[in-house]
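Structural overview
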Amino acid sequence: MVGTALFFLFAGFAIMCAISMVYHKNPLYSAISLVGVFIALSCIYVTLAAPFIAAVQILIYAGAIMVLVVFVIMLLNLDDDRPLNRLRYLYAIGGGLGVVLLAQTLFVFYAVLRAPNQPIDPNVSAGKTLSIGQAMYTEYLLPVEIVGVLLMMAIIGSVMLARRLAQPQLELVIEREEELRNEEE
Amino acid sequence: MTENNLLSLIIFAPLLGAVINWLIGGKLKNEMFSGLIACGSILVSTIVAFYIAFVAGGGALFIDKPVLDHIWTWIHVGNFRADFGLGMDRLSGIYACFITFVGLLIHIFATGYMRGDKGFYRFFAYLNLFMFAMLTLILADNYLLMFVGWEGVGLCSYLLIGYYIKKDEARKAAKKAFVMNRIGDWGVLIGIFLVFTLTGSISFFDKTVDGQQVQSVFTFVLANMSADPFTWGAIVAGGLTSVGVLLFIGATGKSAQIPLLTWLPDAMAGPTPVSALIHAATMVTAGVYLVVRSNAIYQMSPTAMWIIAIIGAATAIFAASIAIAQNDIKKVLAYSTVSQLGFMFLAAGVGAFTVAIFHVMTHAFFKALLFLGSGSVIHGMHHEQDMRKMGNLKKHMPITFITMAMGWLAICGIPIWAGFFSKDEILYKTFAADKYFPSGAFLGEEFLYGVALLTAVLTAVYMTRMMVMTFWGEERFHHEIEGEHHASTDHARSEVVGHGTDDDHAADDDEEEHHHIPHDFKPHESPWVMTVPLIILAFLSTVGGLVGVPYAMSSLVGIKDANTFEHVLEPVIAETEMPTAVAAREAAKSHAPEVVQKERLLAGLSVVMAAIGIAIGFGLFLKSPLRKMPKILEEKWRLDEFYNGYIVDPITRFSTTSLWKGFDVGFIDGIVNGIGGFVMEAGNAVRGIQVGYVRSYAAIILLGALAVLGYFIYYGLKLVG
Amino acid sequence: MEPNLASYLALSGILFTIGAVGVIFKRNAIGMFMCIELMLNAVNLTFVAFSRYYADTTGQLFVFMVMAVAACEAAVGLGIIISFFRNSQSVDVDDASLMRN
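Rules used throughout
Residues numbered from 1 in each chain as written. Chains lettered and ligands numbered in written order. Predicted model: local features only at pLDDT ≥ 70, side-chain atom pairs only at ≥ 80, totals over all residues. Heavy atoms only, no water. Helix = DSSP H or I, 4+ residues; strand = E, 2+ residues; numbered from the N terminus. Buried < 20%, exposed > 50% of the residue type's maximum accessible area, 1.4 Å probe, protein only. Contact = heavy atoms within 4.5 Å. Areas by Shrake-Rupley, 256 points an atom, 1.4 Å probe, with all protein chains shown as cover. Salt bridge = Lys/Arg side-chain N within 4 Å of Asp/Glu carboxyl O. Nonpolar A, V, L, I, M, F, W, Y, C, P; charged D, E, K, R; others polar. Expected span 1.5 Å × (residues − 1). Core = buried A, V, L, I, M, F, W, Y, C linked by side-chain atoms within 4.5 Å. Polar contact = N/O pair within 3.5 Å; in protein donor to acceptor, adjacent residues only side chain to side chain. Buried area = accessible area lost by both parts, 1.4 Å probe. Axes fitted to C-alpha atoms, helices over the stretch in contact; angles between N-to-C directions. Parallel < 35°, antiparallel > 145°, perpendicular 65-115°, else oblique. Patch = residues over 30% accessible without salt bridge, like charges linked within 9 Å, V, L, I, M, F, W, Y side chains within 5 Å. Phe/Tyr/Trp six-rings, centres within 6.5 Å; stacked < 30°, edge-to-face > 60°.

Moving on, we come to the overall build of chain B. Helices and strands together make up the secondary structure of chain B, namely 28 helices and 5 strands. The proportion of buried residues among the 721 residues of chain B is 59%. For chain B, long-range pairs separated by at least 24 residues make up 79% of all intrachain contacts whose partners lie at least 6 apart in sequence. Counting every atom, chain B has about 27900 Å² of accessible surface; 69% of that belongs to carbon and sulfur.

Listed below in structure tokens is the structure:
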């Protein structure tokens, strides 16, 4: 009973925030809405007995990624989305695809409902940090290492992408200034 | 069969000379060097040829079997064998001797004639190459190698006629010569194929190569085949007559008979030594060589021989009639050559093969003499070729005059000059063709005799005209000919060779309207390099005929058998087994009194007609050398215009509109361009897919994802029910 | 009713739909990026739900990986957006159509 109520509460909150995110033209409003979605999802994870994931979700998504996004929005000083649009047909296409996807979701819901019900074993908890840690360092060691490499690639990539090119070296700039000054004299 | 490796020296010495001249002579640009190399190589060939012909192993001209030299095996596939091998038997021995000797004299003449020309080394390289090809042609021991030489002389003829590459006239004449030769080559090639199909061999001689017996075409023909009937159908029946006609088509191309004769007069645009060598003495006789070499085939094909005789006689009188009206000294001689070649084919056609070869040899002497003499005249007249501007040259150029007079008497047929014996034999054998024709009865021999006799008269007339206009009368050096101011085709402009130091027009680049003859112009005699060959040839023209005096003549002075020439060549003529042929041979050998009497009467008649011709010539032209002849003759019976109009132009038009514009540009280019265009259009169409907008791409990705999901849902539906 | 697996899957599907439609609709590059994050989170929810109901740790490990990848993607993607902004002074993705045709 409580579970159901909690579920509907958090689910409703998540959906509302999601719709709000898509609706708003101001990127900052969208960002805050997305944070709301994350928090709702985190709560849902807690109800699903996955405390580790819930914590990591807040830490990483809301704490790192969204911070980065907000930084970028502030740095670039973005305005609202402009209203006019060359690709109006995409609205129709997008809407249609969304409807199709919703239909498919409904089907999945219906199908899974009809599937044989598996009872939850309250003793075995797959979400305990201990079990996650054990799995990470024994069975899934290779993917973890690869994730490490991936993170390094991402760091290098983003540094390369965002640097300013052809940063004039200070010494050369000084030399040039001196030449010009000598010519003038 | 005797092997003698010296034979290859005969053909390779000129080739070596050509290569040396081409590679080194061009760098050195020394006339003495090029001339020495060229004449030296021909001298080597001459000495070797005479040595093998007269001395080696008894002399090729006197032994029964040919002297062979197998250089290497070219093609040997199954039954078909074509070797690069040479063979000198009596026929090719005679040819080799006079070709090398006359060639040597002409080479020496040319060193004097072409002095000062910029392409001196090139000229002699080509000339040596020509000698190589010609000697290959006559010394080859099978049809295919002979054809190689045949093509080679055609090529060298093209190179040499078009030697003055800057002259439009020369280039066109060279092309014309080559194309017409090519049409004839088709005939020869198909003929060779047919020979192989019929007899299984293409070799001239029986020989043993690498232990394998090679049978000659002619032994096969004599042993296994019977004569074709004397009908029109035999021509297309695919038998020996077809071979004969096809080979003769090639001979008409090479030897300028009807219908492929128009290239020879145009070939006079080349230098005079070229005209003398190629178009008088050597290349044009290759057709006669082919016919006489294949005489075994021809004796079995009466229709082919009859056609040869008719065409020979027709060409003779056709060319003679044109020669009367020409004003360019070289053109007169060119048409004279065509006419005399007609005589040779007439002789071959009625079965008198040895007489045809005899006339080839004497003709080589006196025609080369006449051409070289005319070269000397042209040289002395500062490259003026129009006879209307000459006159009284016997005072200024005595040696040339005397030597040319020898040639003139020879060609007219005055005894004892060389031409008399050969031409008279031809006339007699034509008249009596019934008796000597291998297949029995001949058709229309009296008519042919009449035509030939008329041609002989015309020959005397036009040669006398030429001599009179050139050497007698008053000097017309500064005479203005009407219509001379604008470019005329048979004009002296053709020879633009630089002339040494006494020259007031520039070197060979110049194209002038007409030669600027200074007012104190006096023609001068030519230097000794040019007159000595003339003297030698004059001597040969006088006494050269005495090797072939027929019985009827020699018996007049009591000598029974002076006809050395005929005896030498006798084994070359195949002895077929047909009763008519046997009878003909018997008739030729017997010297029955009434036959001898008839021969003497006819000889006398021909002498009288020749004298009448000379008298007509003097009478008509001594007093009025510029007398005009009928225009149609001057225009060569409009044969060139006929060919151009009905054959050349329609083909050119068809090629241009249909083949070039229609097919090549329209269809083939259309396909290629069409493919390109199609690819471009398709590319343009496909390009539209790349919209460039990220959101469209996202939508499409989503679409794809939904499709995959839908697939799973479909199967899920089946599961769920 | 008791929330069972189907409900969580339905919720995930709805969030995913909203995210997908948002990617197509939003013209702002940052907005598009955020919608992609939303889609990723929906998928995370699916994984966790399955992990809970089948008592398998693999699902949660996978979520861990997905989060790591999302972080990298955020870094690199935002770098790209900044470069793009430097070149064209706008983050409208419709302006990034040089590859058109």
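When its secondary structure is counted, chain A shows 7 helices and 0 strands. The linear arrangement of helices and strands in chain A, starting from the amino end, is α-α-α-α-α-α-α. By residue count, 33% of the 185 residues in chain A fall in the buried class. Nonlocal contacts in chain A, meaning residues at least 24 apart in sequence, comprise 53% of its contacts between residues at least 6 apart. In the structure as shown, chain A presents an accessible area of about 12000 Å², 69% of it carried by carbon and sulfur atoms.

This part covers the interface of chain C and chain A. Facing the 72 residues of chain C at the interface are 82 residues of chain A. If you look at where chain C meets chain A, you find 0 salt bridges. Listed by contribution, the elements that provide at least two residues to the side of chain C that touches chain A are α1 (5-25), α2 (29-54) and α3 (58-88) of chain C. When residues of the side of chain C that touches chain A are assigned to their parent elements, the largest contribution, 23 residues, is made by α3(C). For the side of chain C that touches chain A, the per-class residue count stands at 47 nonpolar, 15 polar and 10 charged.

All names here are of chain B. Over its 25 residues, helix α2 (residues 31-55) runs 35 Å from end to end, which matches the ideal 36 Å to within 8%, given 1.5 Å per residue. Those residues of α2 lying buried are S34, G35, A38, C39, S41, I42, S45, T46, V48, A49, I52 and A53. Taken together, the buried residues of α2 touch α1 (7-28), β2 (67-77), β3 (80-88), α3 (90-113) and α4 (120-139). Two residues or fewer past α2, G57 is found with a positive phi of approximately 60 degrees.

Residue and element names in this part refer to chain B. Tracing the sequence through the fold places I161 in helix α5 (residues 143-161). The class of I161 is buried, set by a relative accessible area of 0%. Taking the C-alpha atoms as reference points, I161 and S275, separated by 114 residues in sequence, lie 8.2 Å from one another. Not counting residues within four places of it along the chain, the set of residues in contact with I161 comprises A170, A173, A174, A177, A267, A269, G270 and H279.

Membership of the largest hydrophobic core comes to 221 residues, with the highest contact counts inside it found for B:Y95, B:F130, B:I138, B:Y143 and B:V288. Element by element, the count of residues in this core is highest for helix α15 (residues 353-380) of chain B, at 17 residues. Once residues within four sequence positions are removed from consideration, B:Y95 is found in contact with B:I138, B:T285, B:V288, B:Y289, B:I357 and B:V360. Counting 79 residues, the second largest nonpolar core, distinct from the first, contains A:A50, A:L97, C:I82 and C:V93.

With that settled, consider the side chain of B:T362. All names here are of chain B. Examined against the element boundaries, T362 turns out to sit in helix α15. Reaching out from T362, the side chain makes a polar contact with the side chain of S422 at a distance of 3.0 Å. When neighbours within four sequence positions are excluded, T362 is seen to be in contact with A418, S422 and G545.

The next point concerns the interface of chain A and chain B. Each partner contributes to the interface: chain A provides 14 residues, whereas chain B provides 13 residues. Taken over both partners, the interface formed by chain A and chain B buries close to 1200 Å², and the fraction arising from carbon and sulfur atoms is 74%. The three residues of chain A that bury the most area against chain B are A:L97, A:Q104 and A:F107, which together make up 44% of that side's buried surface. Taken together, chain A and chain B are joined by 0 salt bridges. Where chain A touches chain B, the interface holds 1 residue pair in polar contact (both at pLDDT 80 or more). By residue class, the composition of the side of chain A that touches chain B is 10 nonpolar, 2 polar and 2 charged.

A few words on unusual backbone geometry. All names here are of chain B. In this structure, the amide linkage connecting I258 to the following residue, P259, adopts the cis form with an omega of 0 degrees. Looking at where P259 falls in the secondary structure, it is placed in the loop between α8 (240-255) and α9 (263-266). With a phi close to 55 degrees, A256 is a non-glycine residue in the positive phi region. Note that A256 resides in the loop between α8 and α9. A relative accessible area of 0% places A256 in the buried class.

In this section: the packing of helix α3 (residues 51-76) of chain A against α3(C). Direction vectors running N to C along α3(A) and α3(C) enclose 5 degrees, while the axes themselves pass 11 Å from each other. It follows from the interaxial angle that α3(A) and α3(C) lie roughly parallel. Contacts between α3(A) and α3(C) pair A:F52, A:I53, A:V56, A:Q57, A:I60, A:Y61, A:I65, A:L68, A:V69, A:V72, A:L75 and A:L76 from the former with C:Q60, C:V63, C:F64, C:M67, C:A70, C:A71, C:A74, C:A75, C:L78, C:I81, C:I82 and C:F85 from the latter. Here the residues of the contact of α3(A) with α3(C) sort into 22 nonpolar, 2 polar and no charged.

Another point: the pattern of salt bridges. Residue and element names in this part refer to chain B. Evaluated as defined, the whole model comprises 10 salt bridges over all chains. Put simply, D89 and R293 hold a salt bridge, and the shortest N to O gap is 2.9 Å. Highlighted residues: D89 in the loop between β3 and α3 and R293 in helix α11 (residues 286-293), separated in sequence by 204 residues. One salt bridge in this structure joins E425 and K429, with 3.3 Å as the shortest N-O distance. Highlighted residues: E425 and K429, both in helix α18 (residues 418-431), separated by 4 residues, approximately one helical turn. On the accessibility criterion, E425 (5% relative accessible area) is buried.

Moving on to a nonpolar patch on the surface. On the surface, B:F654, B:L659, B:F663, B:F667, B:I668, B:I671, B:V672, B:I675, B:F678 and B:V679 cluster together to form a nonpolar patch covering roughly 980 Å² of accessible area. The topology assignment puts B:F654 in helix α27 (residues 639-687).

Bringing the packing of aromatic side chains into the picture now. Any aromatic ring pair is given by two values, namely how distant the centres are and how the planes are angled relative to each other. Residues and elements named next belong to chain A. One pass over the full model with this rule turns up 41 aromatic pairs over all chains. Here F7 and F8 contribute two aromatic rings whose centre-to-centre distance is 5.5 Å and whose plane-to-plane angle is 65 degrees, an arrangement assigned as edge-to-face. When its relative accessible area of 8% is taken as the criterion, F7 is described as buried. Residue classification places F8 among the partly exposed residues on the basis of a relative accessible area of 48%.

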